[in-house]
Structure formats: structure tokens, C-alpha cells
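# A closer look at the structure
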Amino acid sequence: METEIVSVDNDMDNSKSYQQAVDILKDGGVVAFPTETVYGLGALATDARAVQRIFEAKGRPSDNPLIVHIGNKEDVDKYAVNVPENAKRLMDAFWPGPLTLVFHKRPGVIAENVTPGFETVGIRMPDHPVALTLLQTLGGPLAAPSANRSGKPSPTEALHVMTDLQGRIPLIVDGGRTGVGVESTVIDMTVDPPAILRPGGVTREMIEDVIGPVTAESKSAGEEAPKAPGMKYMHYAPESPLFVIEPDEAVIRDAVRQLHAEGKRVAVIGPNEFDIGEADWYFPVGPLHDNDAMAVNLYGAIRQCDLTEADLILAAGTNFEGVGAAVMNRLLKAADGKRFNR
Ligand code: TXA
Ligand code: MG
């Protein structure tokens, strides 16, 4: 299969490109498209055969449920039942946006393999003009996980999707780089209090400001809430072992020297202003403690490390402010919990 890229990131009339994508989707195919978080790999969520193609293209375990993307808030009731009042408040506050709400699913509407074996369904309305235009032109729901091969970091640009899925999908709609850079927050609204299953662009503080206390089992140390099935798989794994290290120039320099003494080549992911001349490769991810910039740049930097000959990756951590909680969650996943302290 030839993989085509169509760019919609300009002022031209893109209606032909959207129609091409919609034709493929209506015909039971899959299409990669940008959202404000990461690129998604979409299929019509009501078509089980189309959804099956997502799992095949990604090499994704078929017991890990997919998020359903909608183009209008009102569509929630088509796919979910017993939507609680506090969920409506969250939808009003944060949709369109990087927040996935898990509800009891309406039986018999969404294809069974979107949420295999689950009575629940995760739904979100993405805040990206391309995703919204695609959804509204299609006039139906899109099941869409991140558009990476299973085990790779989520794609934040069309080129990442091409690298992972070339020859496996027919079309990538290129809308430029994504804005948030890490995946949506997932919150389970079927329990009381609601439970954050995956930290993301909408922070716990933002949610609690709207609906009061929630639980967040994965708020630190890369530990995962067992109910987010995706969390049991090791995600975002780089080719070489990655260690999280203190964001301190002298500490990182020392670490690189030690590793060089052991004959290892080292790639470093860190803030723009650090000058680690010793590092064999250095990938800056924004100003120190600018967690928004770090979220935008992190997955691209991990992918760049994969293109080097590094034996080991050191990634400077950050604090848990704002999207920092999500960044540290992903970083510690990529590290499989390992921190560099010698
Ligand atoms: O930002 C995002 O959420 C991106 C873009 C494309 O929308 N999508 C994304 O999908 O990250 P994916 O499949 O890579 O991650 C979905 C996560 C998984 O951890 C999955 O287990 C969890 O959401 N999830 C989905 N449906 C669920 C449900 N019904 N109950 C519990 N967790 C669910
Ligand atoms: Mg994913």
C-alpha cells in the first residue's frame, strides 16, 4: 500500500483533501490526522472492520480500548448513557480540548472492538481545526488512538506518522506540528469521585476548579492507575535505555563523564540553556521548566535520540506544575521508571 500525505496546513481550498479522507473513512479505511495533542489514526467508530484495521496498522494489542472523537458536544448522548452533571460541566469548560471522559457506553452503537470487553467508552472533542473539519465533514464518530506503531512515542508531526506507518495506511492528513505535544487527560466519570486515569493537557487543578476533588493515582513517579488499560503496556520506549536525570547542568555533565569513562555514547535531552559540550548528542526541548514547551518537544526529541548511535539517553526531568505532571508521567514511562543517580 502506498501512503499518501496531503497537506491542509495553508490557506488553499482544502475541500478535495478532506473529501479524499472522508471517502477512505466511509469505505472502511483508516486515515491519520492531526489533533491538538498528537496525531491520531482514525477509523469510523461504528464500523468494526475499519476499527480492526487500526489495530493491524499499529500492531496494537486488541484489548486496549480506543478513544472516540466527536465533532459536536451534543453527540456524547448518542454514544454514552447516564452522563453525569459534573461531566457536562467539564465538557463546557474544556471541550473542544485535550480531555477524554469515560462514560457508560450506549449499547449497540459504537463497534464492539473499540472498547473490547468494556461497558464504558472514552470520548473527546479535539480542539484542532483539521480534526474538527474532518469529523464534521464525515458526520460520524472517529475511533482514534495515537498514530504511532505500538511501543513508539506518539507522533507530533506528519513525518513521525510516515516513519512509523508508511506502507501500512493509505493517507496522512498533514496539518503541521501539534500544539500540546502529549496525549489528552483521561478521566473516568463512572466512579465517584471521578478518577484521572492518565494525566494530560488538562491538569488535575483545572478539573478540580470546575467539579471539586478527583482522584489521580498516577500523579507521580510514573505509577499507573490500573483502570487505564493502555497503561499496562510499556509505551514510548526509545531504542536505547533512557534515564531521567535532575535538571542540573553540573549533575548532567558529571553523568556524561562517568558514562564516557565506561565507554558509552550518550544522548542528552535537556533545556535550551544548558551547555553540555561533553554530550555526544544534545536535543533541547525548550527553556528550563517551561513545561508547555517541553510537552511540545519531548516526543520529537525521543525520536531524534532513536536516530543516533547513543548507548544511553539522559533526559532532564522537570517539576509537576501544569502539564509537567503529564510530561513526567511520559518521561518516567519511557525510562521504565529508571532515574540516573550515581
Ligand atoms: O490525545 C489523545 O488522547 C490521542 C489523540 C489522537 O486523541 N489519543 C490517544 O489514544 O492517546 P491512545 O489510544 O494512544 O490512548 C488512549 C488511552 C489508553 O491508555 C486507553 O487505555 C485509555 O485511553 N482508554 C480508552 N478508552 C478507555 C475506557 N473506556 N476506559 C478506560 N481507559 C480508556
Ligand atoms: Mg498511544
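Scroll up a little and you will see the structure.
These remarks concern the structure in this document.

The rules we used
Residues numbered from 1 in each chain as written. Chains lettered and ligands numbered in written order. Predicted model: local features only at pLDDT ≥ 70, side-chain atom pairs only at ≥ 80, totals over all residues. Heavy atoms only, no water. Salt bridge = Lys/Arg side-chain N within 4 Å of Asp/Glu carboxyl O. Helix = DSSP H or I, 4+ residues; strand = E, 2+ residues; numbered from the N terminus. Buried < 20%, exposed > 50% of the residue type's maximum accessible area, 1.4 Å probe, protein only. Phe/Tyr/Trp six-rings, centres within 6.5 Å; stacked < 30°, edge-to-face > 60°. Lys NZ or Arg CZ within 6 Å of the ring centre and 35° of its normal. Contact = heavy atoms within 4.5 Å. 1 Å grid on protein atoms, 1.4 Å probe; cavity = no way out; pocket = protein on both sides within 12 Å on 5 of 7 lines; lining within 4 Å. Points joined across faces, edges and corners; volume = space filled by probe spheres on them.

### Some remarks on the pattern of salt bridges
One side chain can pair with another of opposite charge once the charged atoms of both are near each other. Applying the stated rule across the entire model yields 15 salt bridges. Residues Lys-152 and Glu-239 are paired through a salt bridge, measuring 2.6 Å at the closest nitrogen-oxygen approach. Separated by 87 residues along the polypeptide, Lys-152 in the loop between strand 8 (142–143) and helix 6 (158–165) and Glu-239 in the loop between strand 12 (215–216) and strand 13 (242–245) bring together distant segments of the chain. According to the relative accessible area criterion, Glu-239 is exposed, its value standing at 56%. Between Arg-330 and Glu-183 there is a salt bridge, with the nearest N and O atoms lying 2.8 Å from each other.

### Examining the packing of aromatic side chains
Counting across every chain of the model gives one aromatic pair. Considering the side-chain rings of Phe-243 and Phe-340, the 6.1 Å spacing of their centres and the 85° angle between planes classify their relative orientation as edge-to-face. Pair noted here: Phe-243 is in strand 13 and Phe-340 is in the segment after helix 10 (324–334), with a separation of 97 residues, a long-range link. The burial state of Phe-243 is the same as that of Phe-340; both residues are buried. Here the basic side chain of Lys-338 rests over the ring of Phe-243, its NZ or CZ set 5.2 Å away from the ring centre.

### Points about the side chain of His-128
Topologically, His-128 is positioned in the loop between strand 7 (120–124) and helix 5 (129–138). Look past the residues within four positions of His-128 in its chain and what remains in contact with it is Pro-34, Thr-35, Glu-36 and Gly-175.

### Points about empty space enclosed by the protein
Using a probe with the size of a water molecule, rolled over the atoms, empty space left in the structure can be pinpointed. Under the criterion given, the structure shown has one cavity of 30 Å³ or more. Pro-271, Leu-288, His-289, Met-294 and Gly-317 are, among the 13 residues lining the largest cavity, the residues nearest its centre.

Nothing here speaks to function; it is geometry throughout.
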